Amino acid sequence: MKGARPRPRLDADNRAFWTGGAAGELRIMQCRQCRGFLHPPRAVCRHCLSEDVAPAIVAGTGTVDSFTVNHQAWARDMEVPYVIARVALDDAPGVTLTTNIVRCEVDAVAIGDRVRVLFEEQDGIFYPLFEKAG
Amino acid sequence: MAREAYISGIGVSEVGVRLERSPLGLTLDATREAIADAGLTMSQIDGVATYPGRMPIFLGFSPIGVDDVIDAFGIRTRWHLGAAELTAQLGAIAAAADAVRAGHARHVLCFRTVYEAAAIARPQEYPPMQRQDVSGLGQWSVPFGAFSAANWTAQYAMRHMHHYGLTREQLAMVAINGHANAARNPRAIVKKPLTLDDYMAARMISTPLCLYDCDRFTDASTAIIVSAGDALDEVGGVPVRIAATAGSVDRYSWDQGDLPSAYATGRDLWKATDYRVKDVDTVQFYDGFAFQPITWLEGLGFCGLGEGGRFIEGGTRIALDGELPMNTGGGQLGWGRLHGFGFAYEAVTQLRGHGGARQIPGDPRVAIATSGGGPMAAALLLARD
């Protein structure tokens, strides 16, 4: 996907996720009581209802859980095709991120591919994208 | 009878693309037809329900709210509901059923009006959605160019292909079946059948979903009258009992979790009734995208997890004369994007034997209508006693 990306509206829950890339970090909300991960990030742990939650730095590696090659230009000036994927993170069990797989041909992605995060910055938002690993 | 709820009347407006008639006019057409079908008059309507209510951010998606209908049609209500955070589109009908069972109303007008094609064609009257910062669930998909439910649904379909071997030839049967049935429905947008060659040659929208796997913007209104069991003496025609409803969610998300809510909802529908899969004569499954009926077939237990593709292979099983006729009016891929309510309309039509050239054979008594995708799911089990 090229061109201007829609911008998430930052708030207390999501700021760590969308700005962690400034430090090269993928940050996923984690419960400090039960150690479970919660995504989307919220102020309450969905596993144990603790409010003792905080962003945790994860490795940024994972596996393609599913993907689709988008061919439809949903808005003017969109360049297609591009790969949209769900990536299951290695060290945040139960969390999958919708993202783009970049730096490869669109027909080179398969379910099960190993991927790692990279960040694309636009106006202070660091979009976590993924590329094939190894 | 006092604790039962029935669909007593159904109506649908002209269904088209870029219609000139106003969305309120379309809503009036559908409402008049449904009220007449139920043998009622407007003055007997004492409840109104819709999904999702008027959506000012994109009026074409939902230009008419409960307030418009109450005030414009001079309805005096004792109960009403218009909400986007329902189980799904048909959740408005399920809620109306609960309302009449509880005695809050006797005859509830449920409606869904869509005007997306006309709105896009007339931006001066219906301003397009403004690009703005995204929040809520959308922020986890839209910034990555996953703008459409087509993209979100496509990834469920890709998982199914990978894990269970779903093929494009199997998936094609949803659209081919929908087109074949729409060609027998004089009110449908689609007028002619679709061949497998046409399907396989169509351009991709979001792999594996091609053009024919995605419904398209439609202008229409559908109305369903829900009546209390103890008000049936006021009703003409053939009432159809709402035997069970369900709308269960495991994860409210399009991308966390493995399965859309059709599975949880399908499982729970059977907990609310003594009917079983073998009793069902026809199914009307939400097909905004062709993959969704496969999730309903599996979720409701017509076949096992992962077996949906093989279940519809070749199309004979789901055809009008098959063992489980599906989307007999054409579904959204054939009739038009009535956005959920068309499935209730068609289920009632079949149970009454009013399907004309598309009527299924035999003496159908039990039907299922569903709506929704991803975390949204609502199912109605309908029975003619």
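Within every chain, residues take consecutive numbers counted from 1 along the sequence as written. Here chains are named by letter from A upward and ligands by number from 1 upward, in the order in which they appear as written. This being a predicted model, a pLDDT of at least 70 is required before a residue's local features are given, and a value of 80 or more before pairs of side-chain atoms are given or counted; all residues contribute to the totals for chains, interfaces and linings.

A. Geometry of the overall build of chain A. Comment: elements are numbered from the N terminus, with helices defined as DSSP H or I runs of at least four residues and strands as E runs of at least two. In terms of helices and strands, chain A carries one helix and seven strands. Overall, chain A shows an N-to-C arrangement of helices and strands of α-β-β-β-β-β-β-β. Computation of the radius of gyration draws on C-alpha atoms, with the globule rule given as 2.2 Å multiplied by the number of residues to the power 0.38. Against the compact-globule benchmark of 14 Å for 134 residues, chain A has a radius of gyration of 15 Å, which places it among compact chains. Its C-alpha atoms give chain A principal-axis dimensions of roughly 45 × 30 × 25 Å. Looking at chain A residue by residue over its 134 residues, the buried ones come to 38%. This entry defines residue contacts through backbone-placed C-beta atoms, with two residues in contact when those atoms are within 7 Å. A fraction of 50% describes how many contacts in chain A between residues 6 or more apart in sequence connect residues 24 or more apart. Any residue whose C-beta has 12 or fewer other C-beta atoms within 10 Å is treated as exposed, any with 20 or more as buried, and any in between as partly exposed, C-beta atoms being built from the backbone.

B. Focus on the domain arrangement of chain B. Residues and elements named next belong to chain B. Segmenting chain B into domains produces domain 1 (5-126 + 217-240) and domain 2 (148-211 + 242-383). These domain boundaries are the output of an automatic or database domain assignment. Between the C-alpha centres of domain 1 and domain 2 there is a distance of 23 Å. Listed by partner, the interface residues are 25 residues for domain 1 and 29 residues for domain 2. Of all the elements, strand β1 (residues 5-12) adds the most residues to the side of domain 1 that touches domain 2, at five residues.

C. Inspection of the nonpolar core at higher detail. I224(B), A344(B) and L382(B) are the most contacted members of the largest nonpolar core, which has 155 residues in total. Mapping this core onto the domain boundaries places at least three of its residues in each of domain 1 (5-126 + 217-240) and domain 2 (148-211 + 242-383) of chain B. Definition of nonpolar core: a set of buried Ala, Val, Leu, Ile, Met, Phe, Trp, Tyr and Cys residues joined via C-beta atoms within 7 Å.

D. Summary view of the interface of chain A and chain B. Between chain A and chain B, the residue contacts involve 26 residues of the former and 26 residues of the latter. Listed by contribution, the elements that provide at least two residues to the side of chain A that touches chain B are β3 (61-70), β4 (82-89) and β5 (96-102) of chain A. Here the element with the most residues in the side of chain A that touches chain B is β3(A); it accounts for five residues. For this scheme, ten residues count as nonpolar: Ala, Val, Leu, Ile, Met, Phe, Trp, Tyr, Cys and Pro. Four count as charged, namely Asp, Glu, Lys and Arg, and the remainder, Gly too, count as polar. Across the side of chain A that touches chain B, the residue classes break down as 11 nonpolar, 11 polar and four charged.

E. A look at the pairing of β4(A). Residue and element names in this part refer to chain A. Counting buried residues in β4 gives six out of eight residues, a clear majority hidden from the surface. Here a strand pair is declared whenever DSSP counts at least two bridges between the two strands. Note: β3 against β4, eight bridges, orientation antiparallel. Across the sheet, F67 pairs through a bridge with A85, a residue of β4. Here β4 pairs with β5 via six bridges, running antiparallel. Each bridged residue has a counterpart across the sheet, and for R86 the counterpart in β5 is T98. Connecting β4 to the next strand, β5, in antiparallel fashion are six residues, including G94 with a positive phi near 90°.

F. How the structure looks around the pairing of strand β11 (residues 378-383) of chain B. All names here are of chain B. Counting buried residues along β11, five of its six residues qualify, which places the element largely inside the surrounding structure. In the sheet, strand β8 (residues 240-246) pairs with β11 via five bridges, with the strands oriented antiparallel. Paired with A246 across the bridge in β11 is A379. The sheet contact formed by strand β10 (residues 366-371) and β11 spans six bridges and is antiparallel. When the sheet's bridge partners are listed, A367 is paired in β11 with L382.

G. The arrangement of the confidence of the model for chain B in detail. Residues and elements named next belong to chain B. The predicted model of chain B averages 97 in pLDDT, with 99% of residues at 70 or higher. Within a predicted model, pLDDT stands for the predictor's per-residue confidence, ranging from 0 to 100. Confidence scores differ between elements of chain B, with helix α4 (residues 116-121) showing the lowest mean pLDDT of 96 and strand β9 (residues 282-284) the highest of 99. This prediction of the complex comes with two scores: 0.97 for pTM and 0.98 for ipTM.

H. Highlighting the sheet that holds strand β4 (residues 107-115) of chain B. All names here are of chain B. With mixed pairing, nine strands are arranged side by side in an open sheet as β3-β2-β4-β7-β1-β8-β11-β10-β9. The outermost strands of the open sheet, each flanked by one partner alone, are β3 (79-82) and β9. Going across the sheet, the axis of each strand differs from the next one's by a mean of 30°, ignoring polarity. To get an axis, a line is fitted to the C-alpha atoms, and for a helix only the part in contact is used. The angle between two axes follows their N-to-C directions and goes from 0 to 180 degrees. On top of the sheet, helix α1 (residues 23-37) reaches β1, β4 and β7 (219-228); it is set at about 35° to β7, its chief contact.

I. Looking closely at the environment of G103(B). Take G103(B): it is sitting in the loop between α3 (91-102) and β4. Residue class for G103(B) comes out partly exposed when judged on the 13 C-beta atoms lying within 10 Å of it.

J. Examining helix α6 (residues 168-182) of chain B more closely. One less than the residue count of a helix, multiplied by 1.5 Å, gives the span that helix is expected to have. For α6(B), which comprises 15 residues, the first-to-last C-alpha distance of 21 Å matches the rise-based estimate of 21 Å (1.5 Å per residue) to within 8%. The angle separating two fitted axes, one through the seven residues that finish at a residue and one through the seven that start at it, defines the bend at that residue. Maximum bend of α6(B): about 25°, positioned at V174(B).

K. Broad picture of the environment of A34(B). All names here are of chain B. Structurally, the position occupied by A34 is in helix α1. Separated by 81 residues in sequence, A34 and Y115 have C-alpha atoms that sit 20 Å apart. When near neighbours in sequence (up to four residues on either side) are disregarded, A34 contacts G9, I10, G11, A223, I224 and I225.

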